[in-house]
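Residue strings, one per chain:
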Amino acid sequence: MMMSKNSEQVLAMARLISSLFCILIPTLLLFPISCLSETQNPKSRAAEVAAALFIFGDSFFDSGNNNYINTTTLDQANFWPYGETYFKFPTGRFSDGRLISDFIAQYAKLPMIPPFLQPGVHQFYYGVNFASAGAGALVETFQGDVINLKTQLKYYNKVVIWLRHKLGNFEAKKRLSRAVYLLSIGSNDYISLFLTNSTILDSSSESDYVGMVISNLTIVIKKIYSRGGRKFGFLNLPPLGCFPGLRVLNTDKNSSCLEKASMLAELHNRALSKLLIKLENQLLGFKYSYYDFNSNLKQRMNLPAKYAGVTKVSRKGKQHAVGRAGFEEYSAVEEEE
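These figures come from a predicted structure and were not determined experimentally.

Scoring rules and cut-offs
Within every chain, residues take consecutive numbers counted from 1 along the sequence as written. Since the coordinates come from a predicted model, pLDDT governs what is reported: local features require at least 70, and pairs of side-chain atoms require 80 or more to be given and counted, while whole-chain, interface and lining totals use all residues. Water and hydrogen atoms were dropped before computing side-chain values, which therefore reflect all heavy atoms in the structure. Criterion for a disulfide: a pair of cysteine sulfur atoms at a distance within 2.5 Å. Helix and strand labels come from DSSP, where a helix needs a run of H or I of at least four residues and a strand needs a run of E of at least two; each type is numbered from the N terminus. You can read pLDDT as the predictor saying how much it trusts each residue, on a scale of 0 to 100. In this analysis, two residues are considered to be in contact whenever any of their non-hydrogen atoms come within 4.5 Å of each other. The residues that make up patches have over 30% relative accessible area and no salt bridge, and they are joined within 9 Å when like-charged or within 5 Å when they are Val, Leu, Ile, Met, Phe, Trp or Tyr. Computed with a 1.4 Å probe, the accessible areas rest on the Shrake-Rupley method; for each residue, only the protein chains presented here act as cover. Note on definitions: salt bridges are taken to be side-chain nitrogens of Lys or Arg within 4 Å of carboxyl oxygens of Asp or Glu. Partly exposed residues are those whose accessible area sits between 20% and 50% of the maximum for their type, while under 20% is buried and over 50% is exposed, using a 1.4 Å probe and protein chains only. Only when DSSP finds a minimum of two bridges between them are two strands counted as paired. Helix axes are fitted only over the stretch in contact, all axes being lines through C-alpha atoms; the angle between N-to-C directions runs from 0 to 180 degrees. Roughly parallel means an angle under 35 degrees; roughly antiparallel means over 145; roughly perpendicular covers 65 to 115; every other angle is labelled oblique. Each crossing is labelled by how the near helix is turned from the far one, with a counterclockwise turn of less than a right angle marking it left-handed and a clockwise turn marking it right-handed. Cavities and pockets were defined on a 1 Å grid built over protein atoms only: a cavity is a set of grid points that admits a 1.4 Å probe from which the probe cannot escape, a pocket is an open set flanked by protein on both sides within 12 Å along at least five of seven lines, and lining residues are those with an atom within 4 Å of any such point. Grid points are joined across faces, edges and corners, and a volume is the space filled by probe spheres set on the points. When residues are sorted by character, Ala, Val, Leu, Ile, Met, Phe, Trp, Tyr, Cys and Pro go into the nonpolar class, Asp, Glu, Lys and Arg into the charged class, and all the rest, Gly among them, into the polar class. Taking the helix axis as origin, the arc is that swept by the directions to the C-beta atoms.

Peer 1: Could you give me a rundown of the state of the cysteines, with the residues and numbers involved?
Peer 2: Applying the stated criterion to the full structure yields one disulfide. For C242, the disulfide goes to C257, at an S-S distance of 2.1 Å. Torsion about the S-S bond of the C242 and C257 cystine: about 110°, corresponding to right-handed handedness. Placement of C242 in the loop between β4 (231–235) and α9 (244–247) and of C257 in the loop between α9 and α10 (259–282) is noted, with a sequence separation of 15 residues between them.

Here is the structure:
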């Protein structure tokens, strides 16, 4: 059966929306019902809202914190073409529009969650975003250029103190326990091994290194839990070796995916899954939502036409991602025979 171009576009959009809900629905179920409903008095909502959203992580969630630190343009997204669709200007998000965390906030009927370092952000009733592009669970990951997870936790502790001051200990603890904590961390801990010519894997096994990353993440989760956090959402790691920045390092195989990096991501994901099951059994009231980002991204890589209506982007006999490389335009074309 032949479909019109408009029909194909509608079908592709439906698939994208369906994919987005795979991320949204499990996380939204962590929010109390009262947070998802409208209130009659908007002014009192900030004081009475049942849940907030606190966001930790890397470039998948950074909504602009790196705009306000002394770093390189590699870890910033405050220039064109970032932000060209939804916002119409670069916001610091590593996206042409909104991030996963922005959609979660929208569907939870929360305002857009601001970056912690943004000037003028002085109240945190709805939560705040601590994520920093390039950040890792290890302090040493891109040290000096990013806000590592340990520092993000320090910022969170400042917010806890602020809430206690504004609401009192009892109400602050209730707010923190009903909040949702969204985390995406680990990618840079492994990417950095290949981009900085690190020698750590010469003296440590892959499993030991993954163990260090997971150990640091565990400490942060337990610290948040000790402050009252009970509801967590996690993204696992994508196939890191297929990132363009790592594929170009694989010159022996025509820039195919760097398997060693993807293997580290797989080891991390397995360890993360085991950790979350363990914490659910150990910590009273601990709940989590886990999104298999790795598998879903692989599906889009292997079947791009199914999700976006684009089969191949071709230039000089090679395949490229849709978008821009430097200032040179690329355009989608039909799959070549």
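Now, onward.
Peer 1: Tell me about the confidence of the model for the protein chain, and please be specific about residues and values.
Peer 2: Residue-level pLDDT values for the protein chain average 83, and 76% of them are 70 or greater. Note on residues 1–17: pLDDT is under 50 here. Beyond four places in sequence and across chains, it has eight contacts. Predicted confidence for residues 33–44 stays below pLDDT 50, and this span has 17 contacts to residues more than four positions away or in other chains.

Peer 1: Can you break down a nonpolar patch on the surface residue by residue, with the values?
Peer 2: Residues L195, V248 and L249 make up a contiguous nonpolar surface patch of roughly 270 Å² in combined accessible area. By the secondary structure assignment, V248 is in the loop between α9 and α10.

Peer 1: Describe the environment of L117, listing the residues and the values that go with them.
Peer 2: Tracing the chain through its elements places L117 in the loop between α3 (100–107) and β2 (127–129). Residues L117 and V128, eleven residues apart in the sequence, show an inter-C-alpha distance of 9.6 Å. Apart from residues lying up to four places away in sequence, L117 is in contact with N65, Y68, I69, I147 and Y155.

Peer 1: So what's going on with the pattern of salt bridges? Which residues, and what values?
Peer 2: Throughout the structure, instances matching the rule amount to three salt bridges. The partner of K174 in a salt bridge is E171, and the shortest N-O contact between them spans 3.6 Å. Remark: E171 and K174 occur in helix α5 (residues 169–178); sequence separation between them is three residues, near one turn of the helix. The partly exposed category is assigned to E171, whose relative accessible area is 33%. Ionic pairing is found between K298 and E266, a salt bridge with its closest N-O pair at 2.9 Å. Of the two residues, K298 is situated in helix α11 (residues 293–302) and E266 in helix α10; the sequence distance between them amounts to 32 residues. Look at E266 and you get partly exposed, because its relative accessible area is 27%.

Peer 1: Please provide a residue-by-residue account of the sheet that holds β2, values included.
Peer 2: Across the sheet, which stays open at both edges, the five strands sit in the order β2-β1-β3-β4-β5 with parallel pairing between neighbours. Whereas interior strands pair on both sides, the edge strands pair on one side only; in this sheet they are β2 and β5 (287–291). The average angle at which neighbouring strand axes cross in this sheet is 20°, direction not considered. Together, β1 (53–57), β2 and β3 (180–184) form the strand contacts of helix α4 (residues 149–167), whose direction differs from that of β1 by roughly 160°.

Peer 1: Describe the packing of helix α8 (residues 206–226) against α10, naming the residues involved and giving the relevant values.
Peer 2: Between α8 and α10, the least distance of the axes is 10 Å, while the angle of their chain directions is 40°. Comparing the axis directions of α8 and α10 gives the class oblique. Here α8 runs over α10; the crossing is right-handed. From α8, E206, V210, V213, I214, L217, T218, I221 and K222 reach across to α10, where they touch K260, M263, L264, L267, H268, A271, L272, L275, L279 and Q282.

Peer 1: Hey, could you go over unusual backbone geometry for me, with residue numbers and the actual values?
Peer 2: Cis rather than trans, the peptide bond between W80 and P81 has omega equal to 10°. For P81, the position within the fold is in the loop between β1 and α3. For K88, which is not a glycine, the phi torsion comes out positive at approximately 70°. Of note, K88 is situated in the loop between β1 and α3. By relative accessible area, which is 62% here, K88 ends up exposed. The phi dihedral of N197 is positive, around 55°, even though this residue is not glycine.

Peer 1: I'd love a proper account of the environment of D96, names of residues and values included.
Peer 2: Inspection of the secondary structure assignment puts D96 in the loop between β1 and α3. Through-space distance from the C-alpha of D96 to that of A77 is 9.8 Å; in sequence the pair is 19 residues apart. Here D96 is in contact with G83, E84, T85 and Y86, once residues within four sequence places are set aside.

Peer 1: Now, about empty space enclosed by the protein: what can you tell me, with residues and values included?
Peer 2: A complete count under the given rule lists two cavities of 30 Å³ or more for this structure. Put simply, the second largest cavity is a space of about 40 Å³. For the second largest cavity, the full set of lining residues is L183, S184, I185, L217, F234, L235, N236, L237, H268 and L272. For the lining of the second largest cavity, the residue count by class is seven nonpolar, three polar and no charged.

Peer 1: Please give an account of α5 that cites residues and values.
Peer 2: For α5, the full list of buried residues reads A172, R175 and L176. The buried side chains of α5 occupy one side of the element, clustering within an arc of 95° when seen end-on. Relative to its buried face, α5 has exposed residues pointing more than 90 degrees away, namely F170 and K173.

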